[in-house]
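# Structural description and commentary
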Amino acid sequence: MSRSGLSELHFIPPKRSVNTDYYIDEILEKCCLPTFKRRKTRAPLTKRKMCRKMSETIFMQDGAPAHTAIRTQKWLSEHLHGFLEKGIWPSNSPDLNPIENLWSIMQAELDKSKLATNLTQLGKYLENIWNGISPSILENLVDGMPSRINSCIKLNGEYIGK
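Treat the numbers as computed from the prediction; the structure is a model and nothing was measured.

Turning next to the overall build of the protein chain. Across its full length, the protein chain holds seven helices and zero strands. Each helix and strand of the protein chain, ordered N terminal to C terminal, gives the series α-α-α-α-α-α-α. Judged by the C-alpha coordinates and their principal axes, the protein chain covers about 50 × 35 × 35 Å. Across the 162 residues in the protein chain, those meeting the buried criterion constitute 33%. In the protein chain, of all internal contacts separated by at least 6 residues, the share reaching a separation of at least 24 is 64%.

Next up on the list: the packing of helix α1 (residues 20-36) against helix α3 (residues 70-79). The packing of two helices is summarised by the inter-axis angle and the distance between the axes. For the pair α1 and α3, the least separation of the axes is 10 Å and the interaxial angle reads 20°. Comparing the axis directions of α1 and α3 gives the class roughly parallel. The two elements α1 and α3 cross, and the hand of that crossing is right-handed. Contact residues: α1 offers T20, D21, Y23, I24, L28, E29 and L33, while α3 offers R71, T72, W75, L76 and H79. In terms of residue class, the contact of α1 with α3 is made up of six nonpolar, three polar and three charged.

On to unusual backbone geometry, then. Located in the positive-phi region is K15, a residue other than glycine, with phi close to 65°. With respect to the element layout, K15 can be found in the segment before α1. According to the relative accessible area criterion, K15 is exposed, its value standing at 91%.

Between its first and last C-alpha atoms α1 spans 21 Å; for 17 residues at 1.5 Å apiece the expected length is 24 Å, and the helix comes up short by more than 12%. The sharpest bend along α1 measures roughly 45° and falls at L28. Every buried residue of α1 is listed here: T20, Y22, Y23, I24, I27, L28, C31, C32, L33, T35 and F36. For α1, the secondary structure elements touched by its buried residues are α2 (65-68) and α3. You can read the cap of α1 off the contacts: a side-chain oxygen lies 3.2 Å from the backbone nitrogen of D21, and it is on N19.

Turning our eyes to something else, we now look at the pattern of salt bridges. Within this structure, the stated rule accounts for six salt bridges. Among the salt bridges present, the one from E8 reaches K47, with a minimum N-O distance of 2.8 Å. Taken together, the residues E8 in the segment before α1 and K47 in the loop between α1 and α2 connect sequence positions 39 residues apart.

In this section: the confidence of the model for the protein chain. Confidence in the prediction for the protein chain averages 88 pLDDT; 92% of positions are at 70 or higher. Within the protein chain, helix α5 (residues 119-131) carries the highest mean pLDDT (96), whereas helix α7 (residues 145-161) carries the lowest (73).

Glancing now at the nonpolar core. In terms of nonpolar packing, the biggest core is built from 16 residues, with L28, F36, F59, W75, L76 and L80 touching the most fellow members. Of all the secondary-structure elements, those providing two or more residues to this core are α1 and α3. In terms of residues, this core owes the most to one element, α1, which gives eight residues. Apart from the residues within four sequence positions on either side, L76 is in contact with L28, F59, Q61, H81 and F83. Of all hydrophobic cores here, the second largest spans 13 residues; its members include L126, I133, L138 and L141.

This part is about the side chain of S2. The residue S2 is located in the segment before α1 in this model. Residue class for S2 comes out buried when judged on its relative accessible area of 13%. Within the local environment of S2, its side chain forms a polar contact with the backbone nitrogen of S4, the two atoms lying 3.1 Å apart. Every residue in contact with S2, bar those within four places of it in the chain, is listed here: M50, L138 and V142.

About the criteria used
- Throughout this description, residue numbers start from 1 for each chain and increase along the sequence as written.
- Thresholds applied to this predicted model are a pLDDT of at least 70 for local features of residues and 80 or more for the giving and counting of side-chain atom pairs; totals over whole chains, interfaces and linings are not thresholded and use all residues.
- In computing side-chain properties, one takes all heavy atoms of the structure into account and sets aside hydrogens as well as water.
- Only DSSP runs of H or I reaching four residues or more are called helices, and only runs of E reaching two or more are called strands; each is numbered from the N terminus.
- Only protein chains enter the accessibility calculation, which uses a 1.4 Å probe; a residue whose area is less than 20% of its type maximum is buried, one above 50% is exposed, and one in between is partly exposed.
- Contacts are assigned to residue pairs with any non-hydrogen atoms lying within 4.5 Å of each other.
- Here an angle of 0 to 180 degrees is reported between the N-to-C directions of two axes, which are lines fitted to C-alpha atoms, with helices fitted over the stretch in contact.
- Angle categories: roughly parallel below 35 degrees, roughly antiparallel above 145, roughly perpendicular from 65 to 115, and oblique for all the rest.
- Handedness of a crossing is defined here by the sense of rotation of the near helix relative to the far one, left-handed for an anticlockwise turn of less than a right angle and right-handed for a clockwise turn.
- Each residue receives one of three labels: charged for Asp, Glu, Lys and Arg, nonpolar for Ala, Val, Leu, Ile, Met, Phe, Trp, Tyr, Cys and Pro, and polar for the others, Gly being one of them.
- The span one expects for a helix is its residue count, reduced by one, times 1.5 Å.
- The seven residues ending at a residue and the seven starting there each receive a fitted axis; the angle between those axes is the bend at that residue.
- Identification of polar contacts relies on pairs of N or O atoms within 3.5 Å, with a donor-acceptor requirement for protein atoms, meaning one able to donate a hydrogen and the other able to accept it, and with residues adjacent in sequence counted only if both atoms are side-chain atoms.
- Any Lys or Arg side-chain nitrogen found within 4 Å of a carboxyl oxygen on Asp or Glu counts as a salt bridge.
- The predictor reports its confidence for every residue as pLDDT, a score running from 0 up to 100.
- Nine residue types can take part in a nonpolar core, namely buried Ala, Val, Leu, Ile, Met, Phe, Trp, Tyr and Cys, and a core is a set of them joined through side-chain atoms within 4.5 Å.

Next comes the structure, spelled out in structure tokens:
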């Protein structure tokens, strides 16, 4: 996600784990790179240009082993110059990452849906919710980032000061 757009949702096949090879080949190569190459500014969020300038973009990911693997870090340094290297982003800080708030919004919307009876139906529900995300939600989540970071810095300073 970015302030301007969304990637397509990627569903991990049942009984498949996300190792380094899968992450690079299926998610970064096939989903992420094409997303960053989009040029349309007026289109559905999942077809829209993700950022004004790649030089102003930060690619964030959590500390999952597939994300922090040496091969992944090398791939990212070669393809996405604005990524946060392993160890830069504070661990255990989901409250700072806007995507975590977007997942919460999606969960709340999913909770309003009829109970899915199979994975195909669940996937359709999730895609409908994802495709229904409004631009203002993305803007608010990203624009609120400095405030969330400042609050954490303040709380951390108070904690350290005690």
